[in-house]
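# Observations on chain architecture
Here are the chains, one letter per residue:
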Amino acid sequence: RFARSLGDPSQPSLPFVIPPLLASAQLDPELHVTDVDDEDGDQEDEEGMESVTVNIRGQGNKRITIRTSALEEKATACSMLHSYVADLKEAFFPYVQEVATILVPLIKFQYMDEVRTAAMMAMPELLDSCILALAKGASGASAALVSQLLCFMLEPILEQLKAEPDVETLACQLEAFGELLAHGGSCEHAKLSADQIQKSTEVLQMLMRESNERRDEREGRRGDEDVDDEEEEQLEGEAEREEIVMQSLVEAAGKLFEVYQSGYLPYFDSLLMPTVSEMLQPTAIASSRAAALCLFDDVIEHCSADGGSSRYIAGI
């Protein structure tokens, strides 16, 4: 609400609000790795510092210490920056480049899921701010800047999607990725190049396969006679989170169909079709078949005007 009340950046408030947030987003969490018996390794005694002992292969027991207060402040700042750009839209444009420079590297921030999630969620909003500023003829806005901002974001996003270790965080990141792709429908300069479409689809293909592999592994564990009620509940939770990931993957692919229509079919055929066809088989679980049908629904919705969907209908 405060962000919306600020309105136009010509007001004196924003220059006092944004810089402290940018400073907090760049805080160093002060990670230290020391020997367990190191007498100097007493950083955990400081306020806001926490330590954990782990066994590192080839190095023995090590004490890892990090300033959790800095992590929390960093995550809060990233979340607030996301809220500001989402609420202020084109009014946030004067800060887009500076904020993007700071948040894009944080997409890969390995010490806290909340930082990665907030940074990723800000990406489509930053691009949207730039697009809206261009449409309204704002000073400094240009078609080239929209394209450059998209290119600056895309590669780190794809790299993190491939590397994200947490399934719940991955679902949030995929949702933001889908929103980023959708901007190509409203702005020609926010469309991906052929190479970018190829790379994006390769990532979606990889993640779909990995999701199906985790599903199969989980189903195998369910067949184990030793599974107790607690583990069964854990498996149910994993299955629910995995279903959200698959839904987000299908929605991202659907955005590509929405923007590029039948022009996306060659990428779909060569990369996604084999995996999606397997998910559509009668032997597949209900959630997988539903996800595959949703994707074919996008094919029919967005590729029928020129007859591109006709060869898929009989198979469905």
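Quick summary incoming for the structure in this document. Values in this document were obtained by computation on a predicted structure and should not be read as measured data.

A contiguous patch of negative charge, built from Asp 228, Asp 229, Glu 230 and Glu 233, is present on the exposed surface. As for its placement among the helices and strands, Glu 233 is situated in helix H9 (residues 229-260). Given the relative accessible area of 60%, Glu 233 is considered exposed.

Attention now goes to a nonpolar patch on the surface. Together, Leu 31, Val 33 and Tyr 111 give the surface a local cluster of nonpolar side chains, amounting to about 240 Å² of exposed area. Mapping Tyr 111 onto the fold places it in the loop between helix H4 (96-106) and helix H5 (113-135). Residue classification places Tyr 111 among the partly exposed positions, given a relative accessible area of 34%.

Attention shifts here to the packing of H9 against helix H11 (residues 286-303). For the pair H9 and H11, the least separation of the axes is 9 Å and the interaxial angle reads 10°. When the axis of H9 is compared with that of H11, the two are roughly parallel. The residues of H11 that touch H9, namely those facing Glu 243, Met 246, Val 250, Ala 253, Gly 254, Phe 257 and Glu 258, are Ser 287, Ala 291, Cys 294, Leu 295, Asp 298, Val 299, His 302 and Cys 303. When the residues that make up the contact of H9 with H11 are grouped by side-chain class, the tally is nine nonpolar, three polar and three charged.

Attention shifts here to unusual backbone geometry. Although it is not a glycine, Lys 89 adopts a positive phi angle of roughly 55°. Along the chain, the position of Lys 89 falls in the loop between helix H3 (68-88) and H4. For Gln 261, which is not a glycine, the phi torsion comes out positive at approximately 50°. Residue placement: Gln 261 occurs in the loop between H9 and helix H10 (265-279). What makes Gln 261 partly exposed here is its relative accessible area of 42%.

One pass over the full model with this rule turns up 11 salt bridges. Put simply, Arg 116 and Glu 164 hold a salt bridge, and the shortest N to O gap is 2.8 Å. One end of the pair, Arg 116, is in helix H5; the other, Glu 164, is in the loop between helix H6 (143-163) and helix H7 (167-182), and 48 residues separate them in sequence. Comparing Arg 116 with Glu 164, the two get one shared label, buried. We note a salt bridge from Glu 242 to Arg 214, for which the minimum N-O separation is 2.7 Å.

Here we take up the packing of aromatic side chains. Under the definition given, this model contains eight aromatic pairs. Centroid distance Tyr 264 to Tyr 267: 5.8 Å. Interplanar angle 20°. Geometry classified as stacked. Ring plane angle 90° and centroid distance 6.0 Å describe the contact between Phe 268 and Phe 296, whose orientation is recorded as edge-to-face. Taken as a pair, Phe 268 in helix H10 and Phe 296 in helix H11 lie far apart in primary sequence, 28 residues in all. Taken together through their ring pairs, the aromatic side chains of Phe 257, Tyr 264, Tyr 267, Phe 268, Phe 296 and Tyr 312 make up a single cluster.

Quick notes on the rules
- Residues numbered from 1 in each chain as written.
- Predicted model: local features only at pLDDT ≥ 70, side-chain atom pairs only at ≥ 80, totals over all residues.
- Heavy atoms only, no water.
- Patch = residues over 30% accessible without salt bridge, like charges linked within 9 Å, V, L, I, M, F, W, Y side chains within 5 Å.
- Areas by Shrake-Rupley, 256 points an atom, 1.4 Å probe, with all protein chains shown as cover.
- Salt bridge = Lys/Arg side-chain N within 4 Å of Asp/Glu carboxyl O.
- Lys, Arg positive; Asp, Glu negative; His and termini not counted.
- Charge placed at Lys NZ, Arg CZ, Asp CG, Glu CD.
- Helix = DSSP H or I, 4+ residues; strand = E, 2+ residues; numbered from the N terminus.
- Buried < 20%, exposed > 50% of the residue type's maximum accessible area, 1.4 Å probe, protein only.
- Axes fitted to C-alpha atoms, helices over the stretch in contact; angles between N-to-C directions.
- Parallel < 35°, antiparallel > 145°, perpendicular 65-115°, else oblique.
- Contact = heavy atoms within 4.5 Å.
- Nonpolar A, V, L, I, M, F, W, Y, C, P; charged D, E, K, R; others polar.
- Phe/Tyr/Trp six-rings, centres within 6.5 Å; stacked < 30°, edge-to-face > 60°.

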